[in-house]
Amino acid sequence: MGLTIFTYLAAIVMVITAFRTKRLGSGTGSTAFKLGALASAAYAVCLATGYLLAADNQDMALSLLRWAGALALASYAAFFRMALTYPYARKIYLVDLALTVLVGIAVWRFVYTADFLESVRRIELEYIRFEGAAHGLLSTLGAALALATTVLFLIRGLTTASRMYKQHLFVLTVGLAVSVAYGYILAIYFPGQGKNVVYPLAGLSALPAILAGYYALTATRLFHVGTLAKSTLTYGLLIVFFGLPLGVVVGVLLMFRLDMLAFVLGVGVLGFLMFGRWAEGFLKGRFGSARDEEAREELETAIAHLDLSAGRDEVLGKLSEIMADAFGSSWFMAISENESGGLSRVFPGAEEEELAASDSPIVPVLTALDRSVVLKTDVIADPAFADSKTAIFGFMDALGSEALILAREGRRIVGLFAFGPKRNGRDYNALDYEAFLAIHGKLFVVAYYVRHVARESLLSTVEKEIGLADQIVKSVQESIAPIDYPGVDVSFVCRSTRQLGGDLYDAVRLSEHRWFFVVGDVSGKGLNASMSMIILKSMIRTLLREEKDFIKLVSRTNQFIKDHLPRGTFFAGVFGFLALDKRSIYFINCGIPAIFFRSPSLDAIIEVQGEGKMLGFVRNLEPHLKTRRLDLPVNSGLVISTDGIIEAESIRGEHYGKERLVRILTENRGAPAADIVDSVIRSATSFTDGRLEDDITLLAINFHGHKEKTS
Amino acid sequence: MTGISIEASERGKFTVLSVNGPINSYTFTELQEKTMKHVGKSDLAIDLSGVTSMTSAGIGVILAAIEDAEAAGKRIFMIGPSEVARLAIESTGFSERFPTLASVKDLPV
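Residues numbered from 1 in each chain as written. Chains lettered and ligands numbered in written order. Predicted model: local features only at pLDDT ≥ 70, side-chain atom pairs only at ≥ 80, totals over all residues. Heavy atoms only, no water.

Trainee: Talk me through the packing of aromatic side chains; I want residue IDs and the actual numbers.
Mentor: Aromatic ring pairs are described here by two measures, namely the spacing of the ring centres and the angle between the planes. Evaluated as defined, the whole model comprises 22 aromatic pairs over all chains. The ring of Y51(A) is capped by R122(A), whose NZ or CZ atom sits 4.8 Å from the centre of that ring. A cation over a ring is seen here: K613(A) above F94(B), with NZ or CZ 5.1 Å from the ring centre. (Phe/Tyr/Trp six-rings, centres within 6.5 Å; stacked < 30°, edge-to-face > 60°. Lys NZ or Arg CZ within 6 Å of the ring centre and 35° of its normal.)

Trainee: Tell me what's going on with the environment of D678(A), and back it up with residues and numbers.
Mentor: Residue and element names in this part refer to chain A. You can see D678 is positioned in helix α21 (residues 673-687). Assessed through its relative accessible area of 42%, D678 is described here as partly exposed. In the structure, D678 is positioned 185 residues away from V493 in sequence and 8.7 Å away in space, judged by C-alpha atoms. (Helix = DSSP H or I, 4+ residues; strand = E, 2+ residues; numbered from the N terminus. Buried < 20%, exposed > 50% of the residue type's maximum accessible area, 1.4 Å probe, protein only.)

Trainee: Tell me what's going on with the confidence of the model for chain A, and back it up with residues and numbers.
Mentor: Atomic detail in the predicted coordinates should be set aside for any region of low pLDDT. Per-chain confidence: chain A averages 81 in pLDDT, with 84% of residues scoring 70 or above. Taken together, the stretch residues 455-466 of chain A has pLDDT below 50 and engages in 21 contacts with residues farther than four places along the chain or on a different chain. (pLDDT = per-residue confidence, 0-100. Contact = heavy atoms within 4.5 Å.)

Trainee: Report on the packing of helix α5 (residues 135-159) of chain A against helix α6 (residues 163-192) of chain A, specifying residues and quantitative values.
Mentor: Residues and elements named next belong to chain A. Direction vectors running N to C along α5 and α6 enclose 160°, while the axes themselves pass 7 Å from each other. Here α5 is positioned roughly antiparallel relative to α6, judged by the angle of their axes. Relative to α6, α5 is oriented so that their crossing is left-handed. For the pair formed by α5 and α6, the contact residues are H135, S139, A146, T149, T150, F153, L154, R156, G157 and L158 on the first element and K166, L169, F170, L172, T173, L176, A177, V180 and I188 on the second. In the contact of α5 with α6, the residues fall into 11 nonpolar, six polar and two charged. (Axes fitted to C-alpha atoms, helices over the stretch in contact; angles between N-to-C directions. Parallel < 35°, antiparallel > 145°, perpendicular 65-115°, else oblique. Left-handed = near helix turned anticlockwise from the far one by under 90°. Nonpolar A, V, L, I, M, F, W, Y, C, P; charged D, E, K, R; others polar.)

Trainee: How would you summarise the pairing of strand β3 (residues 332-337) of chain A if you had to cite specific residues and measurements?
Mentor: Of all six residues in β3(A), six are buried; the element is thus mostly enclosed. Residues of β3(A) alternate between two faces, with F332(A), A334(A) and S336(A) on one and M333(A), I335(A) and E337(A) on the opposite face, all of them buried.

Trainee: Lay out the environment of V111(A) with the relevant residues and their values.
Mentor: Residues and elements named next belong to chain A. By the element assignment, V111 lies in helix α4 (residues 93-111). When its relative accessible area of 6% is taken as the criterion, V111 is described as buried. Residues V111 and W67, spaced 44 residues apart in sequence, show a C-alpha to C-alpha distance of 5.7 Å. When neighbours within four sequence positions are excluded, V111 is seen to be in contact with R66, W67, A70 and A106.

Trainee: Report on the layout of surface pockets, specifying residues and quantitative values.
Mentor: Rolling a probe over the atoms, with the probe sized like a water molecule, indicates the empty space that remains. A volume near 990 Å³ is recorded for the second largest pocket. Lining of the second largest pocket is provided by 42 residues; of these, P593(A), E647(A), L87(B), A88(B) and S91(B) occupy positions nearest its centre. For the lining of the second largest pocket, the elements supplying multiple residues, two or more each, are β11 (514-522) and α19 (643-646) of chain A together with β3 (43-54), α2 (56-72) and α3 (83-91) of chain B. Here the lining of the second largest pocket takes six residues from α3(B), the largest share from any one element. (1 Å grid on protein atoms, 1.4 Å probe; cavity = no way out; pocket = protein on both sides within 12 Å on 5 of 7 lines; lining within 4 Å. Points joined across faces, edges and corners; volume = space filled by probe spheres on them.)

Trainee: Just give me the short version of a nonpolar patch on the surface, but keep the residues and values in it.
Mentor: A surface patch of nonpolar side chains, amounting to about 700 Å² of accessible area, comprises L94(A), L97(A), V101(A), I105(A), W108(A) and Y112(A). Examined against the element boundaries, L97(A) turns out to sit in helix α4. (Patch = residues over 30% accessible without salt bridge, like charges linked within 9 Å, V, L, I, M, F, W, Y side chains within 5 Å. Areas by Shrake-Rupley, 256 points an atom, 1.4 Å probe, with all protein chains shown as cover. Salt bridge = Lys/Arg side-chain N within 4 Å of Asp/Glu carboxyl O.)

Trainee: Quick one: what's the story with the environment of M533(A), residue by residue and with numbers?
Mentor: Residue and element names in this part refer to chain A. For M533, the position within the fold is in helix α17 (residues 526-546). Note on M533: relative accessible area 7%, which makes it buried. Once the C-alpha coordinates of M533 and G520 are considered, the two residues, 13 residues apart in sequence, prove to be 9.5 Å apart.

Trainee: Give a description of the pattern of salt bridges that names residues and reports values.
Mentor: By the definition in use, this model includes 21 salt bridges over all chains. One salt bridge connects R629(A) with D631(A), and the closest N-O pair in it is separated by 3.1 Å. For R629(A), a relative accessible area of 51% gives the class exposed. Here R75(B) makes a salt bridge to D43(B), at a shortest N to O gap of 2.8 Å. Of this pair, R75(B) sits in the loop between α2 and β4 (76-79) while D43(B) is found in strand β3, placing the two residues 32 residues apart along the sequence. Relative accessible area serves as the criterion here: at 29%, R75(B) is assigned to the partly exposed category. Judged by its relative accessible area of 10%, D43(B) is buried. Because the salt bridges share partners, they merge into one network encompassing K562(A), E67(B), E70(B) and R97(B).

Listed below in structure tokens is the structure:
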């Protein structure tokens, strides 16, 4: 088998590459590319198999090697066709016909005559080829077609205006040039000189061209030259200082211990597993992506530390400065959803300006887009934008923007951020794209802030924070669905001692008899905690629409906290489903300190929350989550409390505690839910001498008896 | 309102922050500032033996410090948490996320 194994592996790569381009659709040269890749893979297989059979079955070997020649020419013809129109889809039937005829003639002359090869044979590693009368002519024809294609790609690259396509075409030029040079040297020149040992590797020749073509058909962003250089240097050093020494060690071991092949290969694999990752990490830390990641983390930190209480204009002004420094943008614009569902520019400028009305075509296009970062180069080169290209391109052109970051809540655009051209005249590249993705979560927070907090000038300067609090609380509470059901009495209080806090109560009606609710506390204090709370609430509502599995809903909420909220953010609470037609409640305790159940049969208040795991501590919470079910008999009740009541401290430093809470609940058996809530708050306020220090949320549900709802 | 005191000292490669008093919504910013000053720059130990109460605000600061230290590849330990601090940590359901040692003497070299 020897070196031919590499040729077979390359053929597999080429076939995979050809089929992976399926999802890209057609119209950008992908059909020609697929034909070229499949022809190249067949060429590699024919060449390698022909070489192997040349020792024992010369007739079959001759046939396969003739086919290899024809397929190589067919592959070049396919690339030539691609070069004629790439990146555009133009139908040129005459050229297609001419190329098909050319390939047909090639197959005839290469395969069915002795023009190309008369016979072949192999003795051990010595491969002997008896060339036909037209071997030189046919080889030259193939090389000329490949060279013409290379030059065509180069000329198109030099003349095209789009930097994205320029990059594609230059990569194709280089890939094809390498393929041609490699193929000529190994398949034509060396055998002509009698050097045949590496002939089986000639089948690899198409690989650079195929990989370059695949890149051109998939890449939609400019590469960052520095990053490319660093990656090349990293992997170059990895090969020189790690790969080669390991290969030498394995080779030397094999020379002396050939009888222990498995052992030696095992040593090689073990060495690679043990030190390969370390070497890669070590080099990346010095030359590679680790520094880019550090820069992204610094950027995320800078955005996370924006003081939201400073007011909207100042927040956006600071954000604009951060963006200008990080990306070199000439300008930065914040756009927010307006009251009528359209999009308005809120920064820069003293007055808001509507950029798109709610019935503008761009609004549904952006809402339906399955990505949160859009570069202009993506819109140009990515076939995924085929249907939305006109609308997005028009919108970006009207703004003069080169990049957009979208913040969406479910099927609604909360806001978006537009970036002007770079000051140095370059395009946003793949490195910028990664950074945009990294900060998307943080910008989502800002978009929410912008959407829900009015302009600073509208706020009282004295009570700025209170003003913000009122707007936030209003925006949160106005969407809570009341649990209005016959025989069920619900009341809640959710308040912060300093106007702004992270306590959360939300309820969503799912059907006639069923409600989803969440009660809890997002860690942190002040405006930042409030913002995290609103975002979390919004995200839970979004996930509720997408996720039918209760445990997965909570698990994905946890994932969101880990990925998008500031470090150290966690959520202690409970997620519940009220199935009132089934007289049941299903809940997942995520660290709520108290759920009390009033049992009519036992005439007692029972603590039922059990153990819970808070959100935000581990990445995968799913294995830790447990759904509990509680039946609700007639005259039963539930009271759910966050830690604000339980841990309220008296002047003497004593905690209010669960015992006092149980006493109040016992005293108020049979009282309406609103009275239960009032009594607990009064008791805790009195206990602390009016100084409740923490946010408090309390939910009381009385189940008086199931009566069929008449609706 | 009882205040908080935080003293920084060095022990081997570790910066030790000794916290005394309550960690609540009034005092957590001081702990936040002190941890942010040291975390990620050196290995960090937070001595919680003198903590008289701890709310979710304190847990949040410590969790952020742990995550920052992990991101920077630095070590971080909680030292001898008082009963209230231990209960606050346990209430999260993830005590194992808070690497804890009984005393500063147990800090690795």
